[in-house]
2 protein chains.
Amino acid sequence: MVATQQKQTVPERSGKERILEAARTLFDSHGFHQSSMAELAVAAQVSVGQIYRLFKGKEDIIAAIVQADYDERCMHMDALRSRLDAGELTVEQTFEELLLHVVDEKDEALSFDILAESFRNRPVGDMIAAMCVQFRGYIRDFACAANPDLSGEALDGAEEIVLACLFGLGHRSLSRPSLSATDTARLSARMIVAALRAIC
Amino acid sequence: MVATQQKQTVPERSGKERILEAARTLFDSHGFHQSSMAELAVAAQVSVGQIYRLFKGKEDIIAAIVQADYDERCMHMDALRSRLDAGELTVEQTFEELLLHVVDEKDEALSFDILAESFRNRPVGDMIAAMCVQFRGYIRDFACAANPDLSGEALDGAEEIVLACLFGLGHRSLSRPSLSATDTARLSARMIVAALRAIC
């Protein structure tokens, strides 16, 4: 009866979003494995039954969080590529915008929980690997825009190190940096473009 | 009685090392929070009491693992700096050796557990931040060796992005890369030195 009432007042989609939002906060502060579905239900103000109607279990919630972040990143990279292609952004501005978007990720503890999980839970690992394939594609396009002569192993190496930079800058808060996010994005974009143009 | 016998056959130092080695394997495969002291005792073939005589608790074991990795990295970076200063290595070779040492870290799941913990457990976070201060110092020295004119915000930016590269390349296995570790180190070192020389 309670569940039916909740279903009427909380539409399916909004319930899903509310659970995911509460899950991000709860898992980030307490840890994915240390949080129970009952705690999540309290945090999201839904019943445990409602969570299980929308998600198979905690792994399914983690997959939904990873997917949402992935969709958001791809949309951003896609928009950047269109603006670069249209001549609205220089290649250095493209890298700067890209870096500004990734520098200083939110929910870092949760992010590391998910990355740990990706080594112990094959579907999560496969999902992250598939995301990286897409990211690599965008990076290659941006690298070739900086230096159209790039190819072969030089391009492979550029792809590898730029992907590593994005990941590292996203998690730089671990090292408690003093350089601001905007300065980091600007200076890093300059260095990446300089490196891409200096090799072939 | 059992504990006394074990203490006689396993010297203090070797017991500590055995516990740390078993902890790395157990925590990596099962998760730091999901592993109990009893499981660790079985894996290390010691008694739970012996673990508690050597470590205050699981957090203390994690701190010892972080410290051991840190000492090992600092020793390696220190040796590289000496060889660079002595003219035994070019600056590009120095970066290549440095990258070869960090590319494709072991025990990645454990590493991410520890990083997640650093946001929830202040002493672990402080320890990692202190390690990064040391790493930043070495990186600045190597960057200045590549380009003695680097200073001010250009040097700050270089420090930030090189640290990010080291971190990202250390964890690149997430993206299931096809480029080998040696090729990655060689190509990345070339790009880093090219970038450092192109800015000032």
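Structure shown above.
This report concerns the structure included in the present document.

Rules used throughout
- Residues numbered from 1 in each chain as written.
- Chains lettered and ligands numbered in written order.
- Predicted model: local features only at pLDDT ≥ 70, side-chain atom pairs only at ≥ 80, totals over all residues.
- Heavy atoms only, no water.
- 1 Å grid on protein atoms, 1.4 Å probe; cavity = no way out; pocket = protein on both sides within 12 Å on 5 of 7 lines; lining within 4 Å.
- Points joined across faces, edges and corners; volume = space filled by probe spheres on them.
- Nonpolar A, V, L, I, M, F, W, Y, C, P; charged D, E, K, R; others polar.
- Helix = DSSP H or I, 4+ residues; strand = E, 2+ residues; numbered from the N terminus.
- Contact = heavy atoms within 4.5 Å.
- Buried area = accessible area lost by both parts, 1.4 Å probe.
- Salt bridge = Lys/Arg side-chain N within 4 Å of Asp/Glu carboxyl O.
- Polar contact = N/O pair within 3.5 Å; in protein donor to acceptor, adjacent residues only side chain to side chain.

### A closer look at empty space enclosed by the protein
- In this structure the tally under the stated criterion is two cavities of 30 Å³ or more.
- Volume-wise, the largest cavity comes out at about 120 Å³.
- Around the largest cavity, the lining residues are Ile161, Val162, Cys165, Met191, Ile192 and Ala195 of chain A together with Ile161, Val162, Cys165, Met191, Ile192 and Ala195 of chain B.
- Residues that form the lining of the largest cavity fall into these classes: twelve nonpolar, no polar and no charged.
- Taken as a whole, the second largest cavity encloses approximately 90 Å³ of empty space.
- Lining of the second largest cavity is provided by Phe32, His33, Gln34, Asp113, Ala116 and Arg120 of chain A together with His33, Gln34, Asp113, Ala116, Glu117 and Arg120 of chain B.
- Counting residues per element, the lining of the second largest cavity draws most heavily on helix α7 (residues 108-120) of chain B, at four residues.
- Grouping the amino acids of the lining of the second largest cavity by side-chain chemistry returns three nonpolar, four polar and five charged.

### Here we look at the interface of chain B and chain A
- The partner chain A presents 58 residues to the 58 residues of chain B that form the contact.
- Summed over both sides, the interface of chain B with chain A buries roughly 4500 Å², with 68% coming from carbon and sulfur.
- For the interface between chain B and chain A, the tally reads eight salt bridges.
- Across the pair Glu153 of chain B and Arg186 of chain A runs a salt bridge, and its minimum N-O distance is 3.0 Å.
- Between chain B and chain A we count 18 residue pairs in polar contact (both at pLDDT 80 or more) in total.
- Of all the elements in the fold, those that place two or more residues in the side of chain B that touches chain A are α2 (12-30), α7, α8 (122-146), α9 (152-170) and α10 (181-198) of chain B.
- A total of 13 residues in the side of chain B that touches chain A trace back to one element, the largest contributor, which is α9 of chain B.
- For the side of chain B that touches chain A, the class distribution of residues is 30 nonpolar, 14 polar and 14 charged.

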